[in-house]
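One letter stands for each residue in the lines below.
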Amino acid sequence: MYTNIAMSSIQIVEVGPRDGLQNEPDIVSTADKLEMIGRMIDAGARRLEVASFVHPQRVPQMADAEAVIAGLPDRKGVSYIGLTLNKRGVLRALATREGGRRGVDEIGCVIVATDTFGQKNQGQTVAEGIAEASELIRFAKENGLIAQVTISAAFGCPFEGDVPAQRIVDIARAVLEAGPSEIALADTIGVGVPAQVTDLYGRLSEFVPADIPLRAHFHNTRGTGIANAWAAIQAGVSVLDASLGGLGGCPFAPKATGNIATEELIYLAERSGLDHGMNLDAAIAANRWMAGILGRELPSLVARAAA
């Protein structure tokens, strides 16, 4: 094992049920989404992004968000995350907890790092996104929800190209005032490289308090996703998103492809001497099952190598 790294363990956030499926051309049934979630919990996932509270015409795969959440297993030690883009989304998240129901435990807010992409993704400029996310974080916390934030397109924009590192720093500083539980940087279109990862997380670690973890969300569009994950780990990031099989993509980002695969992140952590809490064989078995549901082999190379 190789242990010349910044920490001894990482937490893997399974985002397949939301980010992994949101760009699929064919609707995945509620029952199959719940089976996917159950299989990933059985594989060791303890934080899962299960739905997004967005308009169904914008993202049809998420039209059954409430039905999925109503069917979630009430498992101790498992935290369910719902993505929200506006106050209506937070209200929908809170409604899942009414009447003593479990509902979601966390909401994830999004600030897009460029005006053009922000307008296409959620109808907001960067400044409007900061203001909205800050309000949502405060409102959610006042109502008993954990609230975290992701800075999307942090490593590059499909419409404006390179994103200045200082802009990401400024966004993080501004939203920090609202007290998010966590700040994530997302390489939404998979253009980032390890040197950029090291630089950005190094800058943020200079002012983000230690009790607010930094999280990483990488896509593998250009084959750099798992290398970026390793760079983030070496920079001290202990929470990383991944999607079963490498599924994923953004409906509003041209040519954006999947997240880094959960199986590959497990393999990286395991072979590097990092505790991660997940079972690779079970994740590969879930991959095989999901491939049958979607009718095609999934992108994960680790799962293919295990065939």
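For the structure, check the block above.
Remember, it's a predicted structure, so these values are computed and weren't measured experimentally.

A. The overall build of the protein, seen in detail. Scanning the protein from N- to C-terminus turns up twelve helices and eight strands. The C-alpha atoms of the protein give 18 Å as radius of gyration, which agrees with the globular expectation for 307 residues (19 Å, within 12%). Summarising its shape, the C-alpha atoms of the protein cover approximately 50 × 45 × 35 Å along the three principal directions. Residues classed as buried in the protein amount to 57% of the 307 residues present.

B. Structural context of the pairing of strand E6 (residues 183-187). For E6, the buried fraction is high: five of the five residues fall into the buried class. Burial of the side chains of E6 extends over both faces: Ile183, Leu185 and Asp187 are buried on one face and Ala184 and Ala186 on the other. As judged from the three bridges shared by strand E5 (residues 146-152) and E6, these two strands associate in the parallel manner. The partner of Ile151 across the bridge, within E6, is Leu185. For the handedness criterion, the β-α-β arrangement of E5, helix H7 (residues 165-176) and E6 is classed as right-handed. As paired strands, E6 and strand E7 (residues 214-218) are joined by five bridges and run parallel to one another. Following the sheet pairing, Ile183 is matched in E7 by Leu214. In this fold, E6 hands off to helix H8 (residues 194-205), which returns the chain to E7; that crossover is right-handed.

C. Here's a closer look at empty space enclosed by the protein. Counted under the stated rule, the structure contains one cavity of 30 Å³ or more. Quantified by volume, the largest cavity comes out at close to 30 Å³. Contributing elements (two or more residues each) for the lining of the largest cavity: strand E4 (106-112) and helix H6 (126-142). If one sorts the elements of the lining of the largest cavity by residue count, H6 sits on top with four residues. Looking at the lining of the largest cavity, its residues break down into five nonpolar, four polar and one charged.

D. Summary view of the packing of aromatic side chains. Under the criterion given, the structure shown has two aromatic pairs. Lying over the aromatic face of Phe159, Lys120 brings its terminal NZ or CZ to 5.0 Å of the ring centre.

E. Broad picture of the environment of Pro73. Relative to the assigned elements, Pro73 resides in the loop between helix H3 (65-70) and strand E3 (79-84). The sequence separation of Pro73 and Ile41 amounts to 32 residues, and the corresponding C-alpha distance is 9.4 Å. In this view, Pro73 contacts Ile41, Tyr80 and Arg102; residues no more than four positions away in its chain are not counted.

F. Structural detail: the sheet that holds strand E2 (residues 47-53). A barrel is described by the order of its strands in space; here eight strands give the closed sequence E1-E2-E3-E4-E5-E6-E7-E8, paired in parallel fashion. Neighbour-to-neighbour, the strand axes of this sheet turn through a mean angle of 30 degrees, independent of strand direction. Inspection of the sheet shows strand E1 (residues 11-14) paired to strand E8 (residues 239-242) by four bridges, in the parallel sense. The residue of E8 that forms the bridge with Gln11 is Val239. Here helix H2 (residues 30-42) sits on the sheet in contact with E1, E2 and E3, set at roughly 160 degrees to E2.

G. Spotlight on the nonpolar core. Counting residues in hydrophobic clusters, the biggest one holds 103 residues, and the most contacted among them are Tyr201 and Met290. At eight residues, the largest contribution of residues to this core is made by helix H11 (residues 280-294). Setting aside chain neighbours within four positions, we find Tyr201 in contact with Phe155, Leu185, Leu214, Arg215, Ala216, Phe218, Ala232, Ala235 and Val237.

H. Summary view of the environment of Ile81. Locating Ile81 in the fold gives a position in strand E3. Looking at Ile81, the relative accessible area reads 2%, which means it is buried. Distance from Ile81 to Thr30, taken between C-alpha atoms, is 17 Å for residues 51 residues apart in sequence. For Ile81, the residues in contact, after removing those within four places along its chain, are Val13, Arg47, Leu48, Glu49, Val50, Ala51, Val104, Glu106, Ile107, Gly108 and Gln148.

I. Region of interest: unusual backbone geometry. A positive phi angle, close to 60 degrees, is found at Ala153, a residue other than glycine. Secondary-structure assignment places Ala153 in the loop between E5 and H7.

Reading the values: the criteria
Residues numbered from 1 in each chain as written. Predicted model: local features only at pLDDT ≥ 70, side-chain atom pairs only at ≥ 80, totals over all residues. Heavy atoms only, no water. Helix = DSSP H or I, 4+ residues; strand = E, 2+ residues; numbered from the N terminus. Rg over C-alpha atoms; globule rule 2.2 N^0.38 Å. Buried < 20%, exposed > 50% of the residue type's maximum accessible area, 1.4 Å probe, protein only. Pairing = 2+ DSSP bridges. Right-handed = clockwise from strand over helix to strand, strands pointing away. 1 Å grid on protein atoms, 1.4 Å probe; cavity = no way out; pocket = protein on both sides within 12 Å on 5 of 7 lines; lining within 4 Å. Points joined across faces, edges and corners; volume = space filled by probe spheres on them. Nonpolar A, V, L, I, M, F, W, Y, C, P; charged D, E, K, R; others polar. Phe/Tyr/Trp six-rings, centres within 6.5 Å; stacked < 30°, edge-to-face > 60°. Lys NZ or Arg CZ within 6 Å of the ring centre and 35° of its normal. Contact = heavy atoms within 4.5 Å. Axes fitted to C-alpha atoms, helices over the stretch in contact; angles between N-to-C directions. Core = buried A, V, L, I, M, F, W, Y, C linked by side-chain atoms within 4.5 Å.

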